[in-house]
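Working through the structure, step by step
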Amino acid sequence: SYAVIGAVQKPGNYFTNRPIRLLELLAFAGGQTEDAGSRILVARTGSTSSCSAFRDISAEADIPLLDFKLKDVLELKENLVLRPGDIVSVMVADIVYVYGNVNKQGQVEMKEPLTLTQAIASAEGLKPASDKDSVRVMRQKPGSLEREELVFSLKDINQRKIQDPYLEPNDVVAVGEDRIKSIMNNIGRSLTNGLPSIFYRVP
């Protein structure tokens with residue numbers, strides 16, 4: 001079974017006995033709503049036993065996340081073959097994640113172009129004694145599980161030695177936090193909290 005959550009017409013758990021692709025599952029869920037953002041996340045929970053297993057993903061389990069542009073999926077530039085247990089989340093808004101030594105960890109909504117220092121300010125700033133020399137931005141390579149790591153110095157940005165970089169949807173900002181794997185797993189697990197209890201059978 002597969003789950004679809006977020007900005008779709010019919011969120012729910014979908015059952016099928018055959019392989020299914022991302023766009024097809026999106027169509028069964030009635031397509032995206034008007035308030036959908038620009039991205040789709042697919043959390044690979046790997047739970048094949050039953051849909052109830054969605055709700056009980058262990059804290060140690062690795063949850064790979066794939067990040068797609070909604071436009072690329074609709075235009076068939078990307079059309080992932082889904083695996084049982086996958087959770088497809090059509091994001092309501094474009095967001096970035098800020099973790100580590102900030103006062104308020106979690107999601108920051110991108111209502112307009114957002115820079116690194118603005119994202120940190122939205123996370124209520126840095127905790128005392130945070131390392132300002134190496135703030136990392138983890139950016140997913142298109143259609144890949146891999147993320148590239150970009151390192152910025154807040155001191156250099158504040159002194160205008162380098163430009164304050166603009167973030168992209170689903171970027172992960174890690175402030176003095178080296179456990180990127182645990183950050184990604186936290187994001188994956190947070191998606192499972194939004195799972196609806198409606199069940200559909202796919203023809």
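Residues numbered from 1 in each chain as written. Predicted model: local features only at pLDDT ≥ 70, side-chain atom pairs only at ≥ 80, totals over all residues. Heavy atoms only, no water.

1. Brief notes about the overall build of the protein chain
Secondary structure assignment for the protein chain yields 5 helices and 11 strands. Relative to the globule expectation of 17 Å for 203 residues, the C-alpha radius of gyration of the protein chain, 18 Å, shows essentially globular dimensions. The buried share of the protein chain, taken over its 203 residues, is 50%. Taking as baseline every contact in the protein chain between residues at least 6 positions apart, the subset at least 24 positions apart corresponds to 68%. Charge separation in the protein chain, taken as the distance between the mean sites of 25 positive and 26 negative side-chain charges, equals 2 Å. (Helix = DSSP H or I, 4+ residues; strand = E, 2+ residues; numbered from the N terminus. Rg over C-alpha atoms; globule rule 2.2 N^0.38 Å. Buried < 20%, exposed > 50% of the residue type's maximum accessible area, 1.4 Å probe, protein only. Contact = heavy atoms within 4.5 Å. Lys, Arg positive; Asp, Glu negative; His and termini not counted. Charge placed at Lys NZ, Arg CZ, Asp CG, Glu CD.)

2. Considering the sheet that holds strand S7 (residues 106–109)
Sheet architecture is open: 5 strands sit in the order S7-S6-S10-S8-S9, paired in mixed fashion. For this open sheet the edge positions go to S7 and strand S9 (147–152), each flanked by a neighbour on one side alone. Strand-to-strand twist in this sheet, taken as the mean axis angle between neighbours without regard to direction, amounts to 25°. By the bridge criterion, 6 bridges tie strand S8 (residues 135–140) to S9 in an arrangement that is antiparallel. Across the sheet, residue Met138 finds its bridge partner in S9, namely Glu149. Its contacts with the sheet put helix H5 (residues 180–192) on strand S6 (95–100), S8, S9 and strand S10 (172–175), and the angle it makes with S10 is roughly 135°. (Pairing = 2+ DSSP bridges. Axes fitted to C-alpha atoms, helices over the stretch in contact; angles between N-to-C directions.)

3. Considerations on the pattern of salt bridges
Overall, the coordinates contain 11 salt bridges when judged by the stated rule. The salt bridge partner of Glu109 is Lys111, with a shortest N-O separation of 3.7 Å. Residue Glu149 is joined to Arg136 by a salt bridge in which the shortest nitrogen-to-oxygen separation is 3.1 Å. A residue pair is termed long-range when its members are at least 10 positions apart, and Glu149 in strand S9 and Arg136 in strand S8 qualify at 13 residues. Taken together, the shared-partner salt bridges in this structure form one network comprising Lys71, Glu75 and Lys77. (Salt bridge = Lys/Arg side-chain N within 4 Å of Asp/Glu carboxyl O.)

4. What about H5?
Taking 1.5 Å of rise per residue, the 13 residues of H5 would be expected to cover 18 Å, and the 19 Å separating its terminal C-alpha atoms lies within 8% of that figure. Buried within H5 we find Ile183, Met184, Asn185, Ile187, Gly188, Arg189, Leu191 and Thr192. (Expected span 1.5 Å × (residues − 1).)

5. Points about the nonpolar core
With 21 residues, the main nonpolar core has Leu22, Leu25, Ile40, Val42 and Leu82 as its most contacted residues. Within the residue set of this core, elements represented by two or more residues are strand S1 (2–6), helix H1 (22–28), strand S3 (39–44), strand S4 (65–69), helix H2 (70–74) and strand S5 (86–90). By residue number, the principal contributor to this core is H1, which donates 3 residues. If sequence neighbours within four positions are ignored, Leu25 has contacts with Tyr2, Val4, Tyr14, Ile20, Leu82 and Val88. Grouped together as the second largest cluster of nonpolar side chains are 19 residues, Ile63, Tyr99, Ile187 and Leu191 included. (Core = buried A, V, L, I, M, F, W, Y, C linked by side-chain atoms within 4.5 Å.)

6. Quick notes on the pairing of S10
Looking down a regular strand, the side chains alternate between one sheet face and the other. Of the two faces of S10, both are covered, the one formed by Val172 and Ala174 as well as the one formed by Val173 and Val175. Pairing geometry for S8 and S10, over 4 bridges, is antiparallel. Note that in S10 the partner of Arg136 across the bridge is Ala174.

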